[in-house]
Amino acid sequence: MAADRTNDLNDLNDLNDRGDRGDRGEVPRTIDWAGDHLVAIDQTMLPDRLTLVELRTVDDVIDALARLVVRGAPAIGVTGGLAVALAAVIARRDGHDDNWVRAEAARVRAARPTAVNLSWGVDRVLDRFHADPSNVDGAGGVVAFARSMVDDDVATNRSLAARGADHVRSLLTDPDRVRVLTHCNAGGLACVEWGTALGIVRALHEGGHLHEVFADETRPLLQGARLTAWELARMGIDHRMVVDGAGASVISRGLVDVVIVGADRVAANGDVANKIGTYPLALAAARAGTPFIVAAPESTVDPSTQSGGDIDIEARDPEEVLVWHGRRLAPLASEALNLAFDITPFDLVTALVTESRVVRLAAGERVTG
């Protein structure tokens, strides 16, 4: 089990003591490399406590991914790359051969099936390991390459956010009082820092162009209520929470100008896999004529997946739906289908924004080919 570092870090305690005040820049990176292991914010503890955990084994990383200690497609991708570097470090220390590293990488790759970023991150660092397995932590080695992915993620999402904010403003009649609805958490916590969908929101806010944000709770694990609201509060952004079932009504009542969400995988035709509950928002936005924007780095685009029907949708533990804080909510005879993601067809997506381009999917443009 990963080690909890909260009590060792006075700066984290100061942040916890200040509650929801402050700026995202004060918060440690969601995932990072710390000498010979990974350090991550434990997102299961938020918003109550800002806690760092040490991931010192591959099993620690897999557990963190499965329990959503680390979550969000870009963060998952970076974590996958760092996990391969961790396996290489452990192999050199403990005398394991190259095949052991490859086997550990395969285990990490399979930890979360829907987000393509995980396999992207694992495969990038594994390719570097294959090229020179003896160079683990030297300049240009496996660890150095994996660590470069951490900084690259920050730069990627800052670029995406700026591009996305400009595009959103270009779509609206009042580009200086933008009202946004978002779903799940696609902020700094879903990346190394800054964010994708919430990164666009942050860019609008810092440019003085944001009026208000509506954030869905995002059941059953409340990533919106626990994480997005926590980030919005720290940035000083006016926001209101709504239950998932109210999102479509918020759109239809004209309370928002744009819906902005992230993605866990974008198929070659532009179909989008994102947190369950995204598809109904896209339907409501299409009905109301409200722009529906998907923000995701290029690493989330999977040209090998032809359409949304080819995406493996993760089904999580039914207990997440049936039990709350140790108390069963439904009768003992009740079962649950706990789908973690849904598919939004490309023709419901106004535009896909990445760090390098804007693809107008509803206008007939294609992601690949």
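Residues numbered from 1 in each chain as written. Predicted model: local features only at pLDDT ≥ 70, side-chain atom pairs only at ≥ 80, totals over all residues. Heavy atoms only, no water.

It is worth spelling out the overall build of the protein at this point. If you tally the helices and strands in the protein, you get 11 helices and 17 strands. Rg of the C-alpha trace for the protein: 20 Å, near the compact-globule value of 21 Å for 369 residues, within the 12% margin. Projecting the C-alpha coordinates of the protein onto the three principal axes gives extents of approximately 65 × 50 × 50 Å. Among the 369 residues that make up the protein, the fraction classed as buried is 55%. Taking as baseline every contact in the protein between residues at least 6 positions apart, the subset at least 24 positions apart corresponds to 74%. Just so you have it, the protein exposes about 14800 Å², and 48% of that area is on carbon and sulfur atoms. For the protein, the separation between the mean place of its 38 positive charges and that of its 54 negative charges on side chains is 3 Å. (Helix = DSSP H or I, 4+ residues; strand = E, 2+ residues; numbered from the N terminus. Rg over C-alpha atoms; globule rule 2.2 N^0.38 Å. Buried < 20%, exposed > 50% of the residue type's maximum accessible area, 1.4 Å probe, protein only. Contact = heavy atoms within 4.5 Å. Areas by Shrake-Rupley, 256 points an atom, 1.4 Å probe, with all protein chains shown as cover. Lys, Arg positive; Asp, Glu negative; His and termini not counted. Charge placed at Lys NZ, Arg CZ, Asp CG, Glu CD.)

Before going further, it helps to examine helix α3 (residues 73–94). With 22 residues, α3 extends 31 Å between its outermost C-alpha atoms, agreeing within 8% with the 32 Å of an ideal straight helix rising 1.5 Å per residue. Backbone geometry just after α3 places glycine 95 at a positive phi near 80°. (Expected span 1.5 Å × (residues − 1).)

With that settled, consider the environment of histidine 37. With respect to the helices and strands, histidine 37 occurs in the loop between β2 (31–33) and β3 (38–41). Linking histidine 37 and threonine 354, residues 317 residues apart in sequence, is a C-alpha distance of 30 Å. Each residue touching histidine 37, except ones within four places of it in the same chain, is listed here: Asp32, Glu54, Leu55, Arg56 and Leu86. Reaching out from histidine 37, the side chain makes a polar contact with the side chain of aspartate 36 at a distance of 2.8 Å. Only 3.4 Å separates the side chain of histidine 37 from the side chain of arginine 56, close enough to count as a polar contact. (Polar contact = N/O pair within 3.5 Å; in protein donor to acceptor, adjacent residues only side chain to side chain.)

Before going further, it helps to spend a moment on the pattern of salt bridges. Scanning the model with the defined rule gives 22 salt bridges in all. Across the pair aspartate 36 and arginine 56 runs a salt bridge, and its minimum N-O distance is 3.7 Å. One end of the pair, aspartate 36, is in the loop between β2 and β3; the other, arginine 56, is in the loop between β4 (52–55) and α2 (58–66), and 20 residues separate them in sequence. The exposure class of aspartate 36 is partly exposed, given its relative accessible area of 39%. In this structure arginine 56 comes out as partly exposed when scored by relative accessible area, which is 38%. Ionic pairing is found between aspartate 302 and arginine 265, a salt bridge with its closest N-O pair at 2.6 Å. Placement of aspartate 302 in strand β12 (residues 301–302) and of arginine 265 in strand β9 (residues 265–267) is noted, with a sequence separation of 37 residues between them. By the burial criterion, aspartate 302 is buried, and arginine 265 matches it. Bridged by salt links that share partners, the residues Arg112, Glu314, Arg316 and Glu320 form one connected network. (Salt bridge = Lys/Arg side-chain N within 4 Å of Asp/Glu carboxyl O.)

For the rest of this paragraph, the subject is the side chain of asparagine 157. Structurally, the position occupied by asparagine 157 is in helix α6 (residues 142–171). Setting aside chain neighbours within four positions, we find asparagine 157 in contact with Pro74, Cys191, Glu193, Trp194, Gly195 and Thr196.

Each regular strand displays side chains that alternate between the two surfaces of the sheet. With 6 of its 7 residues buried, strand β6 (residues 210–216) lies for the most part within the structure. Pairing analysis gives 5 bridges linking strand β5 (residues 178–182) to β6, with the strands arranged parallel. Bridge pairing links arginine 179 to glutamate 212 in β6. Where the polypeptide runs from β5 across helix α7 (residues 197–206) and back to β6, its parallel neighbour, the crossover connection is right-handed. In this sheet, strand β7 (residues 239–242) lies alongside β6 in parallel orientation, the contact comprising 4 bridges. Bridging from a neighbouring strand, phenylalanine 214 pairs with arginine 240 of β7. (Pairing = 2+ DSSP bridges. Right-handed = clockwise from strand over helix to strand, strands pointing away.)

Right, let's talk about helix α4 (residues 98–109) for a bit. A rise of 1.5 Å per residue sets the reference length of α4, with its 12 residues, at 16 Å; its end C-alpha atoms lie 17 Å apart and thus fit the reference within 8%. For α4, the complete set of buried residues consists of Val101, Glu104, Ala105 and Val108. All buried residues of α4 project into a common sector of 105° when viewed along the axis, lining one side. Packed against the buried residues of α4 are α2, α3 and α5 (116–131). The N-terminus of α4 is capped by aspartate 97, whose side-chain oxygen sits 3.2 Å from the backbone nitrogen of asparagine 99. (Arc of directions from axis to C-beta.)

Looking now at the confidence of the model for the protein. For the protein, the mean per-residue pLDDT works out to 92, and 93% of the residues sit at or above 70. Counting interchain partners and residues more than four positions distant, the pLDDT-below-50 stretch residues 6–13 has 11 contacts. Note on residues 16–25: pLDDT is under 50 here. Beyond four places in sequence and across chains, it has 22 contacts. (pLDDT = per-residue confidence, 0-100.)

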